[in-house]
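These are the residues of each chain, in order.
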Amino acid sequence: MKDTPLSNCERDFLLKAIEEKKRLDGRQTYDYRKLKITFGTDYGCCFVDLGKTRVMAQVSCELVAPKENRPNEGIMFFNIELSPMASPAFEQSRQSELSVKLNRQLERCLRNSKCIDTESLCVASGEKVWQIRTDVHVLNHDGNLMDAASIAAITALRHFRRPDVSIQGDEVTVYSPEERDPIPLSIYHMPITVSFSFFQQGTYLLVDPSEQEERVMDGLLIIAMNKHREICSIQSSGGIMLLKEQVMRCSKIASVKVSEITDLIEKALENDKTARKAGGRCGYAESITQERITALKMDETPVEVTDVKETASDIIQKAEPSPHKVPSLVVPVPGVGQVGQGLKNTWGLEEEDDDDEEEEEEEDTNDNGSAEQEEDLTVMEEEPHKTGESREANVVELSDSEEEEVIILHPETPDRTPKNTGSTSHQKGAAKSKKRQKK
Amino acid sequence: MAGMELLSDQGYRLDGRKATELRKVQARMGVFAQADGSAYLEQGNTKALAVVYGPHEMRGSRSRTLHDQAVINCQYSMATFSTAERKRRPHGDRKSTEMSLHLKQTFEAAVMTQLYPRSQIDIYVKILQSDGGNYSVCVNAATLAVIDAGIPMRDYVCACTVGFVDETPLADLCYAEEGGGVSSLALALLPRGGQIALLQMDARLHQDHLERLIEAAMTACKGVGKVLDEVVRQHLQEVSVLTSD
Amino acid sequence: MAADMRLPTIRKTVSLSVSAFDRKDLVVPGDVITSDTGFMRGHGTYVDEDKLTASVAGEVQRVDKLICVRPLKTRFNGEVGDVVVGRITEVQQKRWKVETNSRLDSVLLLSSVNLPGGELRRRSAEDELTMREYLQEGDLISAEVQSVFSDGALSLHTRSLKYGKLGQGVLVQLSPSLIKRQKTHFHNLPCGASIILGNNGFVWLYPTPGQQEEEAGGFYTSLEPVSLSDREVISRLRNCLLALAAHKVLLYDTSVLYCYESSLQHQVKDILKPEVMEEIVLLTQQKLLEQEG
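Model, not experiment: these values are computed from the prediction. (Residues numbered from 1 in each chain as written. Chains lettered and ligands numbered in written order. Predicted model: local features only at pLDDT ≥ 70, side-chain atom pairs only at ≥ 80, totals over all residues.)

### Overview of the overall build of chain B
Using the following cut-off: Secondary structure elements are taken from DSSP: a helix is a run of H or I of four residues or more, a strand is a run of E of two residues or more, and numbering for both begins at the N terminus. To get the radius of gyration, use the C-alpha atoms; to get the globule rule, take the number of residues to the power 0.38 and multiply by 2.2 Å. Here the C-beta atoms are placed from the backbone, and a residue counts as buried if at least 20 other C-beta atoms lie within 10 Å of its own, exposed if 12 or fewer do, and partly exposed otherwise. Contacts are defined on C-beta atoms placed from the backbone: any two residues whose C-beta positions lie within 7 Å are in contact.
Looking only at helices and strands, one finds four helices and nine strands in chain B. In chain B, the succession of α and β elements from N to C terminus is β-β-β-β-α-β-α-β-β-α-β-β-α. For a compact globule of 245 residues, the expected C-alpha radius of gyration is about 18 Å, and chain B comes in at 18 Å, within 12% of that figure. With the C-alpha coordinates of chain B rotated into their principal frame, the extents come out at 55 × 45 × 35 Å. By the burial criterion, 53% of the 245 residues in chain B qualify as buried. Pairs at least 24 residues apart make up 69% of the contacts formed inside chain B by residues separated by at least 6 positions.

### Looking at the overall build of chain A
Of regular secondary structure, chain A possesses nine helices and 19 strands. At a minimum sequence separation of 6, the contacts of chain A that also span at least 24 residues come to 69%.

### Focus: the sheet that holds strand β6 (residues 58-63) of chain C
Residue and element names in this part refer to chain C. What counts is decided by this rule: Being paired, for any two strands, means DSSP has found at least two bridges between them.
One open sheet accounts for four strands, arranged β1-β6-β7-β3; its pairing is mixed. Two strands bound the open sheet, and with one partner strand each, they are β1 (26-27) and β3 (40-41). When β3 meets strand β7 (residues 66-71), the two strands line up parallel, connected through two bridges. Among the inter-strand pairings, M40 is bridged to a residue of β7, identified as L66.

### Overview of the interface of chain B and chain C
By convention, interface size is frequently given as the accessible area that disappears when the constituent parts associate. Where we set the bar: Here the nonpolar group is Ala, Val, Leu, Ile, Met, Phe, Trp, Tyr, Cys and Pro; Asp, Glu, Lys and Arg are the charged ones; every other residue, Gly included, is treated as polar.
Counting residues at the interface gives 32 residues for chain B and 29 residues for chain C. Broken down by secondary-structure element, the contributors of at least two residues to the side of chain B that touches chain C are β3 (46-57), α2 (134-148) and α4 (207-243) of chain B. Here the side of chain B that touches chain C takes eleven residues from α4(B), the largest share from any one element. Here the residues of the side of chain B that touches chain C sort into 14 nonpolar, seven polar and eleven charged.

### Some details on α2(B)
Residue and element names in this part refer to chain B. As a reminder of what qualifies: What a helix should span is 1.5 Å times the count of its residues minus one.
In this model α2 runs 21 Å from its N-terminal to its C-terminal C-alpha over 15 residues, within 8% of the 21 Å that 1.5 Å per residue would give. A large share of α2 lies buried, amounting to 15 of its 15 residues. Once α2 finishes, G150 follows within two positions and takes phi at roughly 75 degrees, a positive value.

### Looking at the UniProt feature "domain: Exoribonuclease phosphorolytic" (unreviewed entry) in chain B
Applied cut-off: UniProt positions are given in the numbering used here, feature names are shortened, and annotations may be inferred rather than shown by experiment.
Feature annotation in UniProt assigns "domain: Exoribonuclease phosphorolytic" (unreviewed entry) to the following positions: residues 21-152 and 155-219 of chain B. Note that residues 155-219 of chain B is 28% helix and 49% strand, and that its end C-alpha atoms are spaced 16 Å apart.

### Considering the pairing of strand β11 (residues 140-148) of chain C
A regular strand places its side chains on the two faces of the sheet in alternate fashion. Residues and elements named next belong to chain C. Pairing analysis gives five bridges linking strand β8 (residues 83-92) to β11, with the strands arranged antiparallel. Looking across to β11, one finds that V83 is bridged to E144. Where β11 lies against strand β13 (residues 164-165), two bridges are found, and the strand directions are antiparallel. Across the sheet, the residue bridging to S142 is G164, located in β13.

### Things to note about the interface of chain B and chain A
Contacts between the two partners involve 25 residues from chain B and, on the opposite side, 29 residues from chain A. Elements with a contribution of two residues or more to the side of chain B that touches chain A: α1 (94-110), β9 (195-206) and α4 of chain B. Broken down by element, the residue count for the side of chain B that touches chain A peaks at twelve residues, all from β9(B). The residue makeup of the side of chain B that touches chain A, split by class, is twelve nonpolar, seven polar and six charged. Of the strand pairs in this sheet, strand β14 (residues 230-237) of chain A and β9(B) are connected by five bridges, and their pairing is antiparallel. When the sheet's bridge partners are listed, E230(A) is paired in β9(B) with H206(B).

### Looking at the environment of L115(B)
All names here are of chain B. Tracing the backbone shows L115 in the loop between α1 and β5 (119-129). The partly exposed category is assigned to L115, around which 18 C-beta atoms lie within 10 Å. When the C-alpha atoms of L115 and S96 are compared, they prove to be 29 Å apart, with 19 residues separating the residues in sequence.

### With respect to the packing of helix α2 (residues 97-110) of chain A against α1(B)
So the rule is basically this: Every axis in this analysis is a line fitted to C-alpha atoms, fitted for helices over the stretch in contact. Angles between the N-to-C directions lie between 0 and 180 degrees. Our angle categories are set so that under 35 degrees counts as roughly parallel, over 145 as roughly antiparallel, 65 to 115 as roughly perpendicular, and the remainder as oblique.
In contact at an axis separation of 10 Å, α2(A) and α1(B) are set at 110 degrees when each is read in the N-to-C sense. Our classification of the angle between α2(A) and α1(B) gives roughly perpendicular. Counting all contacts with α2(A), which are made through E97(A), V100(A), K101(A), N103(A) and R104(A), the residues of α1(B) involved are R94(B), T97(B), E98(B) and L101(B). A per-class count over the contact of α2(A) with α1(B) returns two nonpolar, two polar and five charged.

### Re the confidence of the model for chain A
Note: predicted coordinates in regions of low pLDDT should not be interpreted at a detailed level. Put simply, the rule reads: You can read pLDDT as the predictor saying how much it trusts each residue, on a scale of 0 to 100.
Here chain A averages 76 in pLDDT, while 73% of its residues score no lower than 70. When the criterion is pLDDT under 50, residues 413-439 of chain A qualifies, and its contacts beyond four places in sequence or with other chains add up to 36 contacts.

### As for the sheet that holds strand β12 (residues 204-207) of chain A
With respect to topology, eight strands assemble into an open sheet ordered β12(A)-β11(A)-β13(A)-β14(A)-β9(B)-β8(B)-β6(B)-β7(B), the strand pairing being antiparallel. Edge strands, defined here as strands with exactly one partner in the open sheet, are β12 of chain A together with β7 (168-171) of chain B. The mean inter-strand angle of the sheet, taken between neighbouring strand axes irrespective of direction, is 25 degrees. Across four bridges, the pairing between strand β11 (residues 192-199) of chain A and β12(A) is antiparallel. Each residue of the ladder has a partner; that of S197(A), found in β12(A), is L206(A). Those strands touched by α1(B) are β14 of chain A together with β8 (183-190) and β9 of chain B, and its axis lies near 140 degrees from that of β9(B).

### What to know about the pairing of strand β13 (residues 219-225) of chain A
All names here are of chain A. Extensive coverage of β13 is indicated by the burial of six of its seven residues. Pairing of β11 with β13 involves seven bridges; the strand directions are antiparallel. Within β13, the position partnered with S197 by the bridge is L220. Pairing of β13 with β14, which is carried by six bridges, proceeds in the antiparallel orientation.

### Topic: the packing of helix α4 (residues 253-262) of chain C against helix α5 (residues 274-292) of chain C
Residue and element names in this part refer to chain C. Our working definition: For any pair of crossing helices, the crossing counts as left-handed if the nearer helix is rotated counterclockwise from the farther one by less than a right angle, and right-handed if it is rotated clockwise.
In contact at an axis separation of 9 Å, α4 and α5 are set at 130 degrees when each is read in the N-to-C sense. Comparing their axes, α5 and α4 come out oblique. Between α4 and α5 the crossing geometry is right-handed. Together, S255, Y258, C259 and S262 of α4 and I280, L283, T284, K287 and L288 of α5 make up the contact between the two elements. When the residues that make up the contact of α4 with α5 are grouped by side-chain class, the tally is five nonpolar, three polar and one charged.

Laid out in structure tokens, this is it:
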């Protein structure tokens, strides 16, 4: 399904806001969205929520024959799936540009940086090695899939435990988790990507773009680093031109962010470990909050309340006293309460000028209560642009009106006015009152 | 491979070059008569052929036309005989698609596409012999081809791959140096303004070395730019002499 | 059938005495032409921080205060009044799309062609339905540029007897920058063939029609067999055109004729050999210089 394009006014609004250093969700330029990491029941399953972007990673392993030119090393395989569940723009066909980009970037970030010791995955040299397969599924696309995917992948790899093996001569025994505890993978460092989006030909920069910001951005710079301040990969994409200073600045920001995120991952892993040890239930099912009304929940926004009292009293003093008293409750019919009398009915009278609708013309409605006719009246009145005190009966008849008879009403007729009191501004009410008058 | 030093004590590399020396660049423009623009470029042992068609009416899917600029369509492929082992899939695999996307991105930044609304520009690059620095050689060859086709560009686009060994940046890596686990940075630069059209780096590098590496890459790109400039001026002289009447 | 094989060598370019003259007005993309802000910017240039910079590789042309850079090779940029030879690519509602080696396909409106029989009437719905009987996809036409749309597409017309559908002949596709602008692009060469030098680089060679066409608008295409002598003349002309194009010689009726005459001593198929090409082109250029001098 083709994605709905962003309208021009939305685009302009976003760009204008970025120029004023404002983001739609209130973040600062270098702020990440709320990052939440949860784990599934099995080892190696990890869910990452980055704002509304939701990504799931699963690691699995298998014993296979190694590649011919690398007999001592295990095989790492990465795959990112963009399913239509994540966004209507994704289609079933696999090789879309975005999917290729994400896959290649994840491969370069994790494989080329040698974050995992592949030699430790070798069981029997030249015959059997472990093939570690990391599948990342995008569950909801709200921008910045790359960061979420990389966090999910590396956390899942840290979380994963592979079965223990022992070799006796030529025999290889794989122990199930019940027989022997599974072993974690040996991971040297944790590379994490940070995405920077550029706007207006590189003048403005934002970290962690949301989906709308991604649509208006000119280009993207992805830096993968680990917490030891080593850069694992840099990739610029989109048709922008960068300057060297911009790249250096981004790398500095990235190092700060990466250390924060790494701490968060470590904490999440610790929590999960303690939860499992304590024998408590853990997993995806636990991470879904239950017994909650599925309504739109918005986080509290902080509001400035320091000088609220003074401002409020100011406003109250400066305001004029309200013109009407609030009328008391009236019960016209059992079961119905009525407060006030409402404005007069303005149906059946069309104004030519729009401004007049805004003015509270109670005199307008005087013309409505025609006692004689029950047909609809189309009377066009030309209103002068005054505040409505002087109302000449300048009536203009509609030439193409199909009404047979057009009643021209005198606006100042006093005896007509009270007829409309007591009725709500409902056509039915007016008709009723008309009928009553007729009788 | 493990025993060979990428940088000897005297400062010589595997092929005898110094750390900041580029490989020999030879290029020719206008090699094909039927294409709008074409160029052949050799950088050391890496040979690439680039062909440009356009701008012309959008073929294929009409829905992809952009109302205010031209669409650039790139395809990168490697000949099956270009690598040491015969390549099974010359194009269509992930690496080639990624390269094509990078090329497209690089040229979208440099070519003035606003002058050709609703048209399409095709750039096809083929690697005939691969000896390291594939992306850079492609970009350089494609730049010459685009200039040959008379398509307006802001400036040349020069690219170079640099690596970092023993605290020294090495300019213009060859295949042996690339494969040795060296952190390599590929940079596509518009020399006059110093603007980076594409930056790509793999393998680990400490943040403090990043600036030096980018500096070395920019210097190397400017060197390549000078060579390309000479080639273009030479070609201009030849062809304009013939058409003058 | 003999097959030629040659070792790859660097071809020497054919150059005359003008090669010593070092052209100073050649620029490459990124070259600053002038920093003076008094000039107006034309095609092939752009302004970068108040400096007028070239965006294509070519020669600088200055007309009073207008500076533009003309690239060496470019797609056809049509102007009103140019004669083009094109091929129909699409039949749409009330118009044909014509491919003319420009950056967008040109448009030939139904109202811009002569109806068969030469009638002058308003085009009806029936005419729209029978468009394909007149011009189909793949047909070649000669036309003139009537106007240029805002995005650069050309609007063509064939409202003259000399334009219309082309019948038997040979099409040679060359670069538009090699065609010289002249008063007329239709020539009947004395060697026995006729030529249409389209401004867009497409050149059409056809046997000189025996009698004047009485049909209107070139609707009638004669399918009578062409004699062998005519065919030879046309083939020789075609090879000469290719030889001249390979050596970047400006094409117009005189240069084509001289080239034809110089090639008479060789066989038709030998003209395409590089050495023979060089020889012929040298002779042609000498003759042309004598002519001017």
